[in-house]
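# Architecture and fold: a report
Residues per chain, in single letters:
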Amino acid sequence: MLGLMQDQPLLISALIEFAARHHGDAEIVSRRVEGDIHRSTWRDVAARARKVANALDQMKLAESDRVATLAWNGYRHLELYYGVSGSGRVLHTLNPRLHPDQVVWIANHAEDQVLCFDMTFLPIVQAIHAKCPTIKQYVALCDADKLPADTGIPGLVSYEAWIAPQKDSYVWPKLDENAASSMCYTSGTTGNPKAALYSHRSSILHAYAAALPDVMCLSARDSVLPVVPMFHVNAWGLPYSAAMVGCKLVFPGAGMDGKSVYDLMESEKVTFAAGVPTVWQMLLGHLKPNNLKFSTLTRTVIGGSACPPAMINAFRDDYGVDVLHAWGMTEMSPLGTLCTLKNKHLGMSAEDQMKIRLKQGRAIFGVDMKIVGENGQELPWDGKTYGDLLVKGPWIVKDYFKTEGGHPLVSDANGEGWFPTGDVATIDADGYMQITDRSKDVIKSGGEWISSIDIENIAVAHPAIAMAACIGVKHPKWDERPVVVVVKKPGAEVTRDELIQFYEGKTAKWQIPDDVVFVDAIPLGATGKMLKTKLREQLANYTLPTA
Ligand code: AMP
């Protein structure tokens, strides 16, 4: 017997109509590329998203055709999120921090038909347009009078001129909820990038989950600042969850430095922000010397790479802000786990609570996870045994777009498909998962594993260290030994021996790095993560003093 409930597909268009109807006057504030602050509302975003949908219909774009963006976080990008996906096309958020050759490869692989870009990225578009044969329309995200006369890009129109003649009414199509809604390519540090192709259903379920109290705890009373870019896994789903709860959204545009982010947080009374550790490093670097405090921020989600305990402490002790450590992947829409305490932890000492807070957290309902050993056997949840982390759930990929060279899932004994994350982790008896490493970054010393994340966390707890990356270097006896590569804070001093000394008592003796390499900067990838592949290349001629 089937249930007798209404069969309503879960569609992204429903989100924007809901936000417009129930939270129509909640604000969307954007720092524009032009430098000024722009204010609109969910009602305005909905009206202009309908104009976008009409413009795409007029171009006769077919269902599932890809509309690409090269854009910062801003209101026009948000309108495209809804106008493109809501009308049945697929929003393809290109990462402008990639090399132009990679952008070309990705745009061609996705067969993008339209490319909408912020004027900041005009030089990229000028460099690539001749190599992207599928793109038939370029749209500059600006006012008509801001469009330069001769860009060399055929048929280029301004966004405002493009949508101006369109009606702001539209009947959103009743799509299959499993229809593709958006796509995002993985950073692709090895091999060609691969695309996660999200559906309306997966995006809505993820939006519900992300808003839960033990996840991002979003409500209509929040003012939310996604520093995480809308070109990186849909800004962790915040544009969708925000519409679902009807909160205020604040977009930083191109201003991602500490001062710009802080000023916006204060002027727009931001209560909640989300970003990768490197961005928050810049924010803290601006607060401390200027003796600043937050007046409204209560919590921030930090994820994308391991959040050092020193950062969690600084936010809580110095600024009264709760850090929610999150873990996920492009392939997971992206949220998998988030770290909040359970009732039984509340009476613990701050020090014991900290041991939990720095883990990547508990699975969100919808995400199933397990750790397995070399032969695929499931490993115990004892907080010590580490293994390859596998996941499954309705917002996790089952395949990549136009998969070449095999499918990602591995089957268990019941024929259930699990996605191998490529991460090595432990899970404790309470279900808290802790990432030890990317499997390719784990350091193997004398048959034992050393977590590069643990070594980095200790280094950045030293007052003179701004950033640290730990890599394994070949060793004749031990196979590999850890070396920590560090960037000092401006004006701060620490010697190699002092830093090695700093590890004493904080980790097992055999895990203490053999050497310290001081550098001016650690290479970062297109999503702000440390690029260890590049770092290893840079240190190709380095030899260990202990070798
Ligand atoms: P991406 O798909 O580019 O977002 O990268 C996903 C990968 O980032 C994961 O597989 C992890 O290796 C890493 N990652 C994400 N969040 C965290 C975190 N909180 N701690 C450690 N690693 C993380």
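Residues numbered from 1 in each chain as written. Predicted model: local features only at pLDDT ≥ 70, side-chain atom pairs only at ≥ 80, totals over all residues. Heavy atoms only, no water.

## Thoughts on the overall build of the protein chain
Secondary structure assignment for the protein chain yields 16 helices and 26 strands. The C-alpha radius of gyration computed for the protein chain amounts to 24 Å, which stays within 12% of the reference 24 Å derived for 547 residues, consistent with globular compactness. Overall size of the protein chain, expressed as C-alpha extent along the three principal axes, is 70 × 65 × 50 Å. Put simply, the protein chain has 547 residues, and 60% of those count as buried. Considering only contacts within the protein chain whose residues lie at least 6 apart along the sequence, 66% involve residues at least 24 apart. Summed over all atoms, the accessible surface of the protein chain reaches about 22900 Å², with 53% contributed by carbon and sulfur. Distance between charge centroids for the protein chain: 2 Å, based on 54 positive and 61 negative side chains. (Helix = DSSP H or I, 4+ residues; strand = E, 2+ residues; numbered from the N terminus. Rg over C-alpha atoms; globule rule 2.2 N^0.38 Å. Buried < 20%, exposed > 50% of the residue type's maximum accessible area, 1.4 Å probe, protein only. Contact = heavy atoms within 4.5 Å. Areas by Shrake-Rupley, 256 points an atom, 1.4 Å probe, with all protein chains shown as cover. Lys, Arg positive; Asp, Glu negative; His and termini not counted. Charge placed at Lys NZ, Arg CZ, Asp CG, Glu CD.)

## A word on the environment of S181
Topologically, S181 is positioned in strand β8 (residues 180–185). Residue S181 is classed as buried on the basis of its relative accessible area, which comes to 0%. Between the C-alpha atoms of S181 and L264, which are 83 residues apart in sequence, the distance is 31 Å. Look past the residues within four positions of S181 in its chain and what remains in contact with it is I12, S85, R89, V90, L91, Y198, S199, H200 and S203. Polar contacts involving the side chain of S181 include one to the side chain of S203, which spans 3.5 Å. (Polar contact = N/O pair within 3.5 Å; in protein donor to acceptor, adjacent residues only side chain to side chain.)

## Details of the domain arrangement of the protein chain
Segmentation of the protein chain into domains returns domain 1 (12–323) and domain 2 (443–538). When each unit is reduced to the centre of its C-alpha atoms, the spacing between domain 1 and domain 2 is 34 Å. Taken together, the contact between domain 1 and domain 2 spans 17 residues of the former and 13 residues of the latter. In total, about 1200 Å² of surface goes out of reach between domain 1 and domain 2, with carbon and sulfur atoms giving 65% of it. (Domains from an automatic or database assignment. Buried area = accessible area lost by both parts, 1.4 Å probe.)

## Description of helix α2 (residues 42–58)
Between its first and last C-alpha atoms α2 spans 24 Å; for 17 residues at 1.5 Å apiece the expected length is 24 Å, and the two agree. With 13 of its 17 residues buried, α2 lies for the most part within the structure. (Expected span 1.5 Å × (residues − 1).)

## Some details on the side chain of D222
Along the chain, the position of D222 falls in the loop between α7 (200–211) and β10 (223–226). You can call D222 buried: its relative accessible area is 7%. A distance of 2.6 Å separates polar atoms of two side chains, one belonging to D222 and the other to T271.

## A closer look at the state of the cysteines
Joining two cysteines, a disulfide is a covalent bond between their sulfur atoms. Summed over all chains, the structure comprises zero disulfides. No disulfide involves C247; its nearest neighbouring cysteine sulfur is the one of C217, lying 12 Å away. Here C339 stays free of any disulfide, with the sulfur of C307 as its closest cysteine sulfur at 10 Å. Classification of C339 by relative accessible area gives buried; the value is 4%. (Disulfide = S-S within 2.5 Å.)

## Focus on the sheet that holds strand β6 (residues 137–140)
Taken in spatial order, the seven strands of this open sheet run β7-β6-β5-β3-β4-β8-β9, and their pairing is mixed. Of all the strands in the sheet, the pair left with one neighbour each is β7 (157–158) and β9 (195–199). Where β6 and β7 come together, two bridges link them in parallel fashion. Across the sheet, residue V139 finds its bridge partner in β7, namely V157. (Pairing = 2+ DSSP bridges.)

## Structural notes on the side chain of D118
Along the chain, the position of D118 falls in the loop between β5 (112–117) and α5 (122–128). A polar side-chain atom of D118 sits 2.8 Å from the main-chain amide nitrogen of W72. Those residues in contact with D118 that lie beyond four places of it in its chain are V33, L70, A71, W72 and L141.

## Here's the deal with the packing of aromatic side chains
When we look at a pair of aromatic rings, we describe it by the centre distance and by the angle of the planes. Under the counting rule described, the total for this entry stands at eleven aromatic pairs. Residues Y82 and Y240 carry aromatic rings whose centres are separated by 6.1 Å and whose planes lie at 90 degrees to one another, so their mutual orientation is edge-to-face. Placement of the pair is Y82 in helix α3 (residues 75–86) and Y240 in helix α9 (residues 238–245), with a sequence separation of 158 residues. The two residues Y82 and Y240 agree in class, both being buried. Ring plane angle 70 degrees and centroid distance 5.8 Å describe the contact between F294 and Y319, whose orientation is recorded as edge-to-face. (Phe/Tyr/Trp six-rings, centres within 6.5 Å; stacked < 30°, edge-to-face > 60°.)

## As for the site of the ligand
Taken together, 15 residues lie around the ligand, and A326, T330, D423, R438 and K529 are the ones closest in. Note that an oxygen atom of the ligand is positioned 3.3 Å from one of the side-chain N or O atoms of H232. Q360 places a side-chain nitrogen or oxygen 2.8 Å from a nitrogen atom of the ligand. Here the ligand, which alone exposes 500 Å², has 92% of that area covered by the protein. A total of four residues in the shell around the ligand trace back to one element, the largest contributor, which is strand β14 (residues 322–328). The residue inventory of the shell around the ligand, partitioned by class, reads four nonpolar, eight polar and three charged. (Near = heavy atom within 4 Å. Nonpolar A, V, L, I, M, F, W, Y, C, P; charged D, E, K, R; others polar.)

## Description of the nonpolar core
Counting 147 residues, the largest nonpolar core has W42, Y82, M265, W280, F294 and F315 as its most contacted members. It is α2 that contributes the most residues to this core, eight residues altogether. Residues I455, I458, A468 and A492 belong to the second largest nonpolar core, which totals 20 residues. (Core = buried A, V, L, I, M, F, W, Y, C linked by side-chain atoms within 4.5 Å.)

## A short note on unusual backbone geometry
Trans is the prevailing form of peptide bonds, just as negative phi is the prevailing case for residues other than glycine. Omega for the bond connecting S333 with P334 falls within 30 degrees of zero, at 5 degrees, which places this linkage in the cis form. Phi at K60 takes a positive value of approximately 65 degrees, unusual for a residue other than glycine. Position of K60 among the secondary structure elements: in the loop between α2 and β3 (66–70). On the basis of relative accessible area, K60 is assigned to the exposed category, the value being 69%. At A235, a residue that is not glycine, the phi angle is positive and equals roughly 50 degrees. Within the secondary structure, A235 is located in helix α8 (residues 233–236). On the accessibility criterion, A235 (0% relative accessible area) is buried.

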